[in-house]
Amino acid sequence: MSARKVTIIGSGNWGSAIAKIVGSNTSRHSDLFDKQVRMWVFEEEVNGQKLSHIINSTHENVKYLPGITLPENVLAVPDVVESVTDADILVWVLPHQFVKRICSQIKEKIKPGAVSLSCIKGLQDSTEIALISTLIREELGTECSVLMGANIANEVAKEEFSEATIGCNDASMCQVYQSLFTTPYFKTNAVQDKDTVELCGALKNIVAVAAGFIDGMGLGGNTKAAIIRIGLTEMKMFCKLFSENSKDSTFFESCGVADLITTCYGGRNRKVSEAFVKTGKSLEVLEAELLGGQKLQGPMTAKEVYHVLQSKDITSSYPLFRSVYEICYEEKPPKYLLDNLSAS
């Protein structure tokens, strides 16, 4: 087979970190991949210049990943249709609320036989459990695998050692994806349990919001540990609700307990939720003030999960997930989380 062409759809903080990894590996594995990696950039101006021009001339995403040099073979493309033309592998790294719109723009333009891999941690808003990989597959007609893990983008970009889990039900593509993403500082393991891997990546953001509430209330390590344990239990229950074939071993991969721990101590959802308690400002205001254009995923995922639980009349079985939703959207006080957990 000829060398596969790779496009990255998204160029934010994590998208740019992924571009650094992928750009390095397409050069290293020239027998498997075309060297050039196109990265779709939502065009905006930074200091009077177009962001795509800045990235292509300086090899740095100065807005979303400043201080990190991207490989010279990563080409920023502001037209999403142009970026995906002739691509064999589409790597999705953008806020999940924008996926359907992008699919509608490119579905008539993608190459027959192209495949997708999603790095997106979120769910569709529905009364049924609706995965982003399912949305991509249904909209584009491509198979869609996932990559999730304990990956704070800035740390990965600085080449601090970390791991990730590839969820792919096609054994032959598992090997391709590991060649595309594995580096000495970014170790990947592939498992054939895609849905569990993806659900873990979304659900842990809800738990991180709860962890931020705990930090905002000034509580210590014992309470944080309880939140992580209860959160992992609810994550596992929810995955089993979606798929009876969900494997317990997957929760011990990077996408499971490792991602949960790191995001409860260092992620954006925890950070904003702590500030929510301390300042009394709205989540929308804090997102704008603290995240520099990045999107907050935890509260939205909590809403999506709550709608599923409500439709099945099982919200009482998920006190942590339910509490996070009600604090974020129904103006319950942060202490309501602890009241619910102690009563359950």
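Residues numbered from 1 in each chain as written. Predicted model: local features only at pLDDT ≥ 70, side-chain atom pairs only at ≥ 80, totals over all residues. Heavy atoms only, no water.

Draft legend 1. Inspection of the environment of C174 at higher detail. Following the sequence through the fold, C174 ends up in helix α7 (residues 171-181). Each C-alpha atom, one on C174 and one on S145, is 9.0 Å from the other, the two residues being 29 residues apart in sequence. Leave out the neighbours within four places in its chain, and C174 touches C168 and A190. (Helix = DSSP H or I, 4+ residues; strand = E, 2+ residues; numbered from the N terminus. Contact = heavy atoms within 4.5 Å.)

Draft legend 2. Region of interest: the sheet that holds strand β5 (residues 74-77). With mixed pairing, the eight strands of this open sheet are ordered in space as β5-β2-β1-β6-β7-β8-β9-β10. Unpaired on one side and paired on the other, β5 and β10 (186-191) mark the two borders of the sheet. Here the average twist between neighbouring strands, direction ignored, is 25°. Direction of pairing for strand β1 (residues 4-9) relative to strand β6 (residues 89-92): parallel, over a ladder of four bridges. Within β6, the position partnered with I8 by the bridge is V91. Each of β2 (33-40) and β5 is contacted by helix α2 (residues 51-58), which is oriented at about 165° to β5, the strand it contacts most. (Pairing = 2+ DSSP bridges. Axes fitted to C-alpha atoms, helices over the stretch in contact; angles between N-to-C directions.)

Draft legend 3. Just the packing of helix α1 (residues 13-28) against α7, in detail. Contact geometry of α1 with α7 gives a least axis separation of 7 Å together with a crossing angle of 105°. Overall, the two elements α1 and α7 adopt an arrangement that is roughly perpendicular. Residues I18, I21, V22, N25 and T26 of α1 form the contact with α7, whose participating residues are S179, L180 and F181. Taken together, the residues of the contact of α1 with α7 sort by class into five nonpolar, three polar and no charged. (Parallel < 35°, antiparallel > 145°, perpendicular 65-115°, else oblique. Nonpolar A, V, L, I, M, F, W, Y, C, P; charged D, E, K, R; others polar.)

Draft legend 4. Broad picture of the packing of aromatic side chains. Considering all chains together, one arrives at seven aromatic pairs under this definition. On the basis of an interplanar angle of 40° and a centroid distance of 5.8 Å, the ring pair of F213 and F276 is categorised as tilted. With F213 in helix α8 (residues 194-216) and F276 in helix α11 (residues 268-279), the pair connects residues that are 63 residues apart, well separated along the chain. Of the two residues, F213 and F276, both sit in the buried class. With a centroid separation of 3.9 Å and 10° between ring planes, the pair formed by Y306 and Y325 is classed as stacked. Taken together, the residues Y306 in helix α13 (residues 298-311) and Y325 in helix α14 (residues 319-329) connect sequence positions 19 residues apart. Its relative accessible area of 9% is what places Y306 among the buried residues. Through pairs of rings, three or more aromatic residues link up here, namely F238, Y318 and F321. (Phe/Tyr/Trp six-rings, centres within 6.5 Å; stacked < 30°, edge-to-face > 60°. Buried < 20%, exposed > 50% of the residue type's maximum accessible area, 1.4 Å probe, protein only.)

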